[in-house]
Amino acid sequence: MRKRNESVTVEHEHAAAAPAPLDKGCSLRHSLRLPAAAADTGMKRPLGRRYGLWFRLRKLIIWLLGVYIAIPFLVKLCPAIQAKLVFLNFVRVPYFIDLKRPQDQGLNHTCNYYLQPEEDVTIGVWHTVPAALWKNARGKDQLWFEDALGSSHPVILYLHGNAGTRGGDHRVELYKVLSSLGYHVVTFDYRGWGDSIGSPSERGMTYDALHVFDWIKARSGDNPVYIWGHSLGTGVATNLVRRLCERETPPDALILESPFTNIREEARSHPFSIYRYFPGFDWFFLDPITTSGIKFANDENVKYISCSLLILHAEDDPVVPFHLGKKLYNIAATSRSFRDYKVQFVPFHTDLGYRHKYIYRSPELPRILR
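Residues numbered from 1 in each chain as written. Predicted model: local features only at pLDDT ≥ 70, side-chain atom pairs only at ≥ 80, totals over all residues. Heavy atoms only, no water.

For the protein, an unreviewed UniProt entry supplies the name Lysophosphatidylserine lipase ABHD12 and the organism Pelecanoides urinatrix. Word for word, the UniProt comment on the protein under Catalytic activity (unreviewed entry) is "Hydrolyzes glycerol monoesters of long-chain fatty acids." What UniProt records for the protein under Subcellular location (unreviewed entry) is the sentence "Endoplasmic reticulum membrane". (UniProt positions renumbered as here; feature names shortened; annotations may be inferred.)

The next subject is the packing of aromatic side chains. Taken as a whole, this structure holds 13 aromatic pairs when the rule is applied. For the ring pair tyrosine 329 and phenylalanine 345, a centre distance of 5.6 Å and an interplane angle of 40° mean the geometry is tilted. Taken together, the residues tyrosine 329 in helix α12 (residues 322-333) and phenylalanine 345 in strand β8 (residues 343-348) connect sequence positions 16 residues apart. Its relative accessible area of 12% is what places phenylalanine 345 among the buried residues. Counting every residue linked through ring pairs, the aromatic cluster contains Phe87, Phe188, Tyr190 and Trp193. Just above the ring of tyrosine 304 sits the side chain of arginine 242; from NZ or CZ to the centre is 4.0 Å. A cation over an aromatic ring shows up here: arginine 361 above the ring of tyrosine 358, its NZ or CZ 4.1 Å from the ring centre. (Phe/Tyr/Trp six-rings, centres within 6.5 Å; stacked < 30°, edge-to-face > 60°. Helix = DSSP H or I, 4+ residues; strand = E, 2+ residues; numbered from the N terminus. Buried < 20%, exposed > 50% of the residue type's maximum accessible area, 1.4 Å probe, protein only. Lys NZ or Arg CZ within 6 Å of the ring centre and 35° of its normal.)

Take helix α6 (residues 169-180) next. Spanning 12 residues, α6 covers 17 Å between terminal C-alpha atoms, matching the ideal 16 Å at 1.5 Å per step. Of the positions making up α6, those classed as buried are His170, Arg171, Val172, Leu174, Tyr175, Leu178 and Ser179. Against the buried residues of α6 lie β2 (121-128), β3 (155-159), β4 (184-188), β5 (225-230), β6 (253-257) and α13 (365-369). (Expected span 1.5 Å × (residues − 1). Contact = heavy atoms within 4.5 Å.)

All right, on to the pairing of β4 then. Across a regular strand the side chains alternate sides, sitting on one face of the sheet and then on the other. Most of β4 is tucked away, with 5 of its 5 residues classed as buried. The alternating pattern of β4 places His184, Val186 and Phe188 and Val185 and Thr187 on opposite faces, both of which are buried. Note that β2 and β4 share 4 bridges and pair antiparallel. Residue tryptophan 126 lies in a different strand from β4, and its bridge partner there is threonine 187. Both β3 and β4 contribute to a ladder of 4 bridges, which runs parallel. When the bridges of β4 are listed, leucine 157 appears paired with valine 186. One crossover worth recording links β3 to the parallel β4 by way of α6, and it is right-handed. (Pairing = 2+ DSSP bridges. Right-handed = clockwise from strand over helix to strand, strands pointing away.)

This paragraph deals with the side chain of histidine 356. Within the secondary structure, histidine 356 sits in the loop between β8 and α13. Take histidine 356: its relative accessible area is 11%, and that puts it in the buried class. A distance of 2.9 Å separates a polar atom in the side chain of histidine 356 from a polar atom in the side chain of aspartate 317. For histidine 356, the contacting residues outside a window of four places in its chain are His230, Ser231, Glu257, Ser258, Asp317, Pro318, Val319 and Val320. (Polar contact = N/O pair within 3.5 Å; in protein donor to acceptor, adjacent residues only side chain to side chain.)

Under the defined criterion, the tally for this structure stands at 1 cavity of 30 Å³ or more. Taken as a whole, the largest cavity encloses approximately 50 Å³ of empty space. The wall of the largest cavity is formed by Tyr158, His170, Arg171, Leu174, His230, Glu257, Lys357 and Tyr360. Ranked by residues supplied to the lining of the largest cavity, first place goes to α6 with 3 residues. Its residues assigned to classes, the lining of the largest cavity shows 3 nonpolar, 2 polar and 3 charged. (1 Å grid on protein atoms, 1.4 Å probe; cavity = no way out; pocket = protein on both sides within 12 Å on 5 of 7 lines; lining within 4 Å. Points joined across faces, edges and corners; volume = space filled by probe spheres on them. Nonpolar A, V, L, I, M, F, W, Y, C, P; charged D, E, K, R; others polar.)

Moving on, we come to the pattern of salt bridges. A full pass over the atoms with the stated rule returns 13 salt bridges. For the salt bridge of arginine 203 with glutamate 118, the shortest nitrogen-to-oxygen distance reads 3.4 Å. Of this pair, arginine 203 sits in helix α7 (residues 202-220) while glutamate 118 sits in strand β1 (residues 110-118), and the two are 85 residues apart along the sequence. On the basis of relative accessibility, which here comes to 25%, the residue glutamate 118 falls in the partly exposed class. With its nearest N and O atoms 3.6 Å apart, the salt bridge here joins lysine 176 to glutamate 173. Here glutamate 173 and lysine 176 lie together in helix α6, a separation of 3 residues that amounts to about one turn. For lysine 176, a relative accessible area of 29% gives the class partly exposed. Among the residues examined, glutamate 173 registers a relative accessible area of 31% and is labelled partly exposed. The network of salt bridges with shared partners includes Glu118, Arg191, Arg203 and Asp208. (Salt bridge = Lys/Arg side-chain N within 4 Å of Asp/Glu carboxyl O.)

Pasting the structure below:
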């Protein structure tokens, strides 16, 4: 009986101990399941990242699309924005130069002036003398430079385009070329550009140019005075010359580099205009330009100009399309106002790479100007 009870007890103890392997097996099974769960989590992470990236990308696309659609309405409601985009006078390139010191740009025979076309308006002017006078010009003051305009050298009044200042790199290089050819070069920053004081407008720019022209004529005597306009400066140039012809004091010649017909056609043809195919482009973008009083109507002005005209345009111009310069020439060539004057169009082949502002590099330029 005792042995039997002991065996029962032993069996009972074994039975009590039997679940232990099951627990162990269960715990093993759980441990085997954990890597599978971890694997599922690892697969979900890339999917989650991908979904988050796509969500952010979609959000960015929607935001950009909203901005793209909102800008035309903003321009229409605030025409001053479009005016700023035409003038770009707030873009001062190159930066960190002292316009009072043209010698820092390699113009050792240049003097800096300040003229006052109107009350509360002051414009900065550079006068570069012909290279032949370089040695005499060293260390001279403004009075000497003003008197030098009366020497037997022709004068070019240069009217630059939008953005930048009179100290722009390509502009400085042109002054050097013209100086080497024996010209006085007088250039200035319109009101609102560079260190000139005032608010930009087409009327104001034209008046500034008229003031500088009269200032030159008062000092140059009978020396020829030519007007050279580049890009947006061609609009100022034709405005000026039309006014001079109407008062019967025309310049000796007008030179237009990279000109357009009028500002509306230029804005419509501008390769940087991402809205040109936008529905209502004229109403949204071109009408606000006109509302701001900006026309620069070269095609109309040339009908009232009576002096020799030279047009220079590169075929690979990416800013003012070549066909606009050619169209302007065709209008001028058939105009009655030019019947007694020479009108010439000089194209520069694409292979030369002169684009919008490097025509000064042409070795043919001296011959063309002569």
